[in-house]
Amino acid sequence: MKKTSNLLVLCVCLFLTNSCSHKEDKFKNNLYYANDYETAHGWYDDPRIIRCIAHSGKFACKIDKDHLFSTTFVSKINEISAQGLKKVAIKAWIKVENPKAWAKVVLEVRDTKDSIVFWNGGKTDEFTIRTGEWFPVSFNYDLPPNLNPEGVIKIYLLNQAEEGLLTDDLEIQFEEKN
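Residues numbered from 1 in each chain as written. Predicted model: local features only at pLDDT ≥ 70, side-chain atom pairs only at ≥ 80, totals over all residues. Heavy atoms only, no water.

Q: Quick rundown of the confidence of the model for the protein chain? Include the residues and the values.
A: Taken over all residues, the pLDDT of the protein chain has a mean of 87, while the share at 70 or more is 86%. This model gives residues 4–22 a pLDDT under 50, and the stretch forms zero contacts once residues within four places in sequence are excluded. (pLDDT = per-residue confidence, 0-100. Contact = heavy atoms within 4.5 Å.)

In structure tokens form, the structure reads like this:
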């Protein structure tokens, strides 16, 4: 009996160690970015970051008719990868209080003259929506092959309805060119 309980404790410890290290490993990846909105509170004043029952933690980003855009990930391509980029995977959690609410999860690329050279927006209303509950959305985008390394990538949510929604736990995974 004692051997069984010791084995069980060992298995639980190994599972917990593996789970914690797996989460840390994501952030060691230079092509992975995430925002859970917890660290934004107190660092800058943004009316879109609100205290609520978030997907994780206490804060989420609210977009509505007065705040059409979520917070935005912004980076030069060559600051993400010296090799260039070919794909982007974006995941987020969404919560709507009205079934008519929806947004686009946008990937935008601008050249050095600030002109849009690529734009694509996946629709959150294409996923199973349960009003009042958090649900995941994910989109994969192929980037054009000849983007200027000095170009700027922007990723954000764009409100598409009179009704608003919340977003939390945004994750971005870039894939480099070979």
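Q: Go over the pairing of strand β7 (residues 116–123), please, and point to the residues and values.
A: Pairing of strand β6 (residues 103–110) with β7 involves seven bridges; the strand directions are antiparallel. Bridge pairing links Val-106 to Gly-121 in β7. Counted along the chain from β6 to the antiparallel partner β7, the turn is five residues long, and its residue Asp-114 has a positive phi close to 70°. (Pairing = 2+ DSSP bridges. Helix = DSSP H or I, 4+ residues; strand = E, 2+ residues; numbered from the N terminus.)

Q: Please set out the nonpolar core residue by residue, giving values where relevant.
A: Leu-107, Leu-143, Ile-153, Ile-155 and Phe-174 are the most contacted members of the largest nonpolar core, which has 30 residues in total. At six residues, strand β5 (residues 85–96) tops the list of elements feeding residues into this core. The contact partners of Leu-107, leaving out residues within four places of it in the chain, are Val-88, Ile-90, Phe-118, Trp-119, Asn-120, Tyr-141, Leu-143, Ile-153, Lys-154 and Ile-155. (Core = buried A, V, L, I, M, F, W, Y, C linked by side-chain atoms within 4.5 Å. Buried < 20%, exposed > 50% of the residue type's maximum accessible area, 1.4 Å probe, protein only.)

Q: Before we move on, can you summarise the sheet that holds β6 with the specific residues and values?
A: Pairing is antiparallel across the open sheet formed by four strands, whose spatial order is β4-β9-β6-β7. Each edge of the open sheet carries a strand with a single partner, namely β4 (73–76) and β7. Between one strand and the next, the sheet's axes are offset by a mean angle of 15°, whatever the strand orientation. (Axes fitted to C-alpha atoms, helices over the stretch in contact; angles between N-to-C directions.)

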